[in-house]
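Summary of structural features
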Amino acid sequence: MGISETAAAKITIDPAFSVGPVRRRTFGAFVEHLGRCVYTGIFEPGHPQADDDGFRTDVLQLTRELGVSTVRYPGGNFVSGYRWEDGVGPVGQRPARLDLAWHSTDHNVVGVDEFAKWSAKAGVEPMMAVNLGTRGTQEALDLLEYCNIDGGTAFSEQRKANGAEDGYGIRMWCLGNEMDGPWQIGHKSAPEYGRLAADAARAMRMVDQDLELVVCGSSSPGMDTFGEWERVVLSETYELVDLISAHQYFEDFGDLQEHLSAGQRMESFIKDIVSHIDHVKSVKKSAKQVNISFDEWNVWHASRDESKVPSGKDWPVAPALLEDRYTVGDAVVVGDLLITLLRNTDRVHSANLAQLVNVIAPIMTEPGGRAWKQTTFHPFALTSHHAAGTVLQPAVESPVVSGGQTAGFAALSAVATFDAEAGEAVVFAVNRSVTDALTLDAAVADLGNVSVIEAATYANKDPYWQATADDSTSVLPAENGSVTLDGGRLTAVLPAVSWSMIRLAVEA
Ligand code: AHR
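The sections below set out a description of the structure shown in this document. Everything numeric in this text was worked out from a predicted model, so none of it was measured.

Let's talk about the site of the ligand
- Around the ligand, a shell composed of F30, E32, G76, N77, W102, N177, E178, Y249, E296, W300, Q355 and I360 is seen.
- Note that an oxygen atom of the ligand is positioned 2.8 Å from one of the side-chain N or O atoms of Y249.
- A distance of 3.0 Å separates an oxygen atom of the ligand from a polar side-chain atom of Q355.
- Protein contact buries 95% of the 280 Å² of open area that the ligand shows by itself.
- Grouping the constituent residues of the shell around the ligand by class yields 5 nonpolar, 4 polar and 3 charged.

Right, dumping it as structure tokens:
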């Protein structure tokens, strides 16, 4: 449904409307042993651009360009059947195992040590998940000891013997993955999981009080148990964990206007989780504040063929799975989801785009060949590189649009960041209308004297355009020539289905 011919949205940006800091961890990603994310994704010995450790340097370079902060590993559904010990020690002696989650075979050529080495090369913070599906507290402790104890114990000495002299000092640990999902190996009821997560957390804190622990929330807002799961699990774990996970994926079912309501749906999911957390906090009369780790989010066209998992006697090694190709419209949704995560920086303390390479990913590779950027790469990279300082909540007056099941949501989604020290403010804005351009009218006088550094917009006449290995550059974020600045008033035309970033120099 359209809005109007002269659609305009007003926003006011004021440094007084601070929500909290821009957190680097908002720009995390995810590497799972799934499809070609690890093998022929980050790791491909023999590839012309592989380094001495077998890591693809083209992918390392793109990971840095994407501006990824934290990388969650090794799953995902994979972790719930994973024996981490299989992936350490001499490669020739590591066992091949069935990966039940993705009906594949994993030769365990990449394990914890390789991932830690890759993370250091990529300049990212590793975030580790433990298996609370088929395993429990003891194995979580063993892995923690292997990773983080400097030496003098069986597992730490094993790590040293495997070539890593110093402990990895991994701070963030996920206590399992999506344990409410019936598809999960070792799926549990909320009381069962809450009890196990509390045990594991208590014991892990006995090793290191300062770990940052993430307990599993519901695997999506659509789960029948969403809410009650959070209540029961947090009732068991509230004082022992720092964050509760949120996962949410968005699919385009053929109605782009509906798809573009994704940011609105994520916003309401976050608000709901916050209510569930704060309910438990209040019942417990706790002084502690648990926050959200939004550790899986993205567009995922899960009902398409790309997501068909092998079956029967076919247990392939690193098959092409979940290799979604993204449109410009999908990229606008991804940009809007990042805006939403930033707008909720007071409660969303960490987030991970799922995933990094090949599997529902911004970076794609050809085995033995090229690496290239999907459309979704661009809003993520630009937001990660330019959002800094404090997140400002703009006051927004916007026309509304309706799509599919989602009625009456704002056509404009916006957030601002302000780095007083660097003297820079950035406005990130999405026009969610599929039919109308939107004139953004922003009151920026409260920031001080401003001038435009750069205004970039990502949009295309055909919002279904997709990048390919042969052509990943003919649609790129381009200068938005419509921007005007008159005193404290900034205006810009935001095309239909577009993501924009306007960078302002601010004189104090
Ligand atoms: O990211 C793909 C899968 O989605 C993950 O393995 C799982 O946690 C989620 O359901």
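Further notes follow.
Focus: the pairing of strand 17 (residues 400-403)
- Along strand 17, the buried face is formed by V401 and G403; none of V400 and S402, which line the opposite face, is buried.
- In this structure, strand 17 lies alongside strand 18 (residues 406-410), joined through 3 bridges in antiparallel fashion. Each residue of the ladder has a partner; that of G403, found in strand 18, is T406.
- In this structure, the hairpin formed by strand 17 and strand 18 is closed by a connection of 2 residues, where G404 is found at a positive phi of approximately 55°.

Let's talk about the state of the cysteines
- As enumerated under the stated definition, the model contains 0 disulfides in all.
- Distance from the sulfur of C147, which forms no disulfide, to the nearest cysteine sulfur (C174) is 13 Å.
- Not part of a disulfide, C174 finds its nearest cysteine sulfur in C216, a span of 7.6 Å.
- Of the residues examined, C174 reaches a relative accessible area of 1% and is grouped as buried.

Observations concerning the sheet that holds strand 15 (residues 390-392)
- What the 7 strands build is an open sheet, ordered 2-15-19-20-26-22-23; its pairing is antiparallel. Every other strand in the sheet has two partners, leaving strand 2 (18-21) and strand 23 (478-479) as the edge strands with one partner each.
- As paired strands, strand 15 and strand 19 (residues 412-419) are joined by 3 bridges and run antiparallel to one another. Bridge pairing links T390 to F418 in strand 19.
- Along the sheet, helix 9 (residues 328-343) makes contact with strand 2, strand 15, strand 19, strand 20 (424-431), strand 22 (449-458) and strand 26 (498-507), crossing strand 19 at roughly 55°.
- Helix 10 (residues 377-386) rests against strand 19, strand 20, strand 22 and strand 26 of the sheet, and its axis sits at about 15° to strand 26.

Considerations on the sheet that holds strand 24 (residues 484-486)
- Here we have 5 strands laid out as an open sheet, ordered 16-1-21-25-24, and mixed in their pairing. Each of the sheet's edge strands pairs with one partner strand only, and the pair in question is strand 16 (395-397) and strand 24. When the angles between neighbouring strand axes are averaged without regard to direction, this sheet yields 20°.

Here's the deal with helix 5 (residues 190-207)
- Here helix 5 is 18 residues long and its end C-alpha atoms lie 26 Å apart, about the 26 Å a rise of 1.5 Å per residue gives.
- Buried within helix 5 we find A190, Y193, G194, L196, A197, A198, A200, A201, A203, M204 and R205.
- Looking at the buried side of helix 5, the elements it contacts are strand 7 (125-130), helix 3 (137-148), strand 8 (172-175), strand 9 (212-215) and helix 6 (228-237).

Some points on the environment of V124
- The residue V124 is located in the loop between helix 2 (112-122) and strand 7 in this model.
- Counting along the chain gives 54 residues from V124 to T70, while the straight-line C-alpha distance between them is 5.2 Å.
- Not counting residues within four places of it along the chain, the set of residues in contact with V124 comprises T63, V68, S69, V71, W118 and S119.

Points about the nonpolar core
- Residues W118, W173, L175, Y193, F294 and W297 are the most contacted members of the largest nonpolar core, which totals 123 residues.
- Here this core takes 10 residues from helix 9, the largest share from any one element.
- Counting only domains with at least three residues in this core, you end up with domain 1 (8-15 + 391-507) and domain 2 (23-386).
- The next biggest cluster of nonpolar side chains, apart from the first, holds 29 residues, and it includes F409, F418, V427 and L504.

Quick word on the pattern of salt bridges
- Inspection of the entire model under this criterion finds 31 salt bridges.
- The shortest N-O distance in the salt bridge between R25 and E212 comes to 2.6 Å. Here the residue R25 occupies a position in the loop between strand 2 and strand 3 (28-30), and E212 occupies one in strand 9, the gap between them amounting to 187 residues.
- Taking the shortest distance from any N to any O, the salt bridge between E114 and R94 comes out at 2.9 Å. Note that E114 is positioned in helix 2 and R94 in the loop between strand 4 (70-73) and strand 5 (97-99), a separation of 20 residues in sequence. For the residue pair E114 and R94, the accessibility class agrees, reading buried in each case.
- Through salt bridges that share partners, D51, D53, K117 and K121 make up one connected network.

The rules behind these values
Residues numbered from 1 in each chain as written. Predicted model: local features only at pLDDT ≥ 70, side-chain atom pairs only at ≥ 80, totals over all residues. Heavy atoms only, no water. Near = heavy atom within 4 Å. Polar contact = N/O pair within 3.5 Å; in protein donor to acceptor, adjacent residues only side chain to side chain. Areas by Shrake-Rupley, 256 points an atom, 1.4 Å probe, with all protein chains shown as cover. Nonpolar A, V, L, I, M, F, W, Y, C, P; charged D, E, K, R; others polar. Buried < 20%, exposed > 50% of the residue type's maximum accessible area, 1.4 Å probe, protein only. Helix = DSSP H or I, 4+ residues; strand = E, 2+ residues; numbered from the N terminus. Pairing = 2+ DSSP bridges. Disulfide = S-S within 2.5 Å. Contact = heavy atoms within 4.5 Å. Axes fitted to C-alpha atoms, helices over the stretch in contact; angles between N-to-C directions. Expected span 1.5 Å × (residues − 1). Core = buried A, V, L, I, M, F, W, Y, C linked by side-chain atoms within 4.5 Å. Domains from an automatic or database assignment. Salt bridge = Lys/Arg side-chain N within 4 Å of Asp/Glu carboxyl O.

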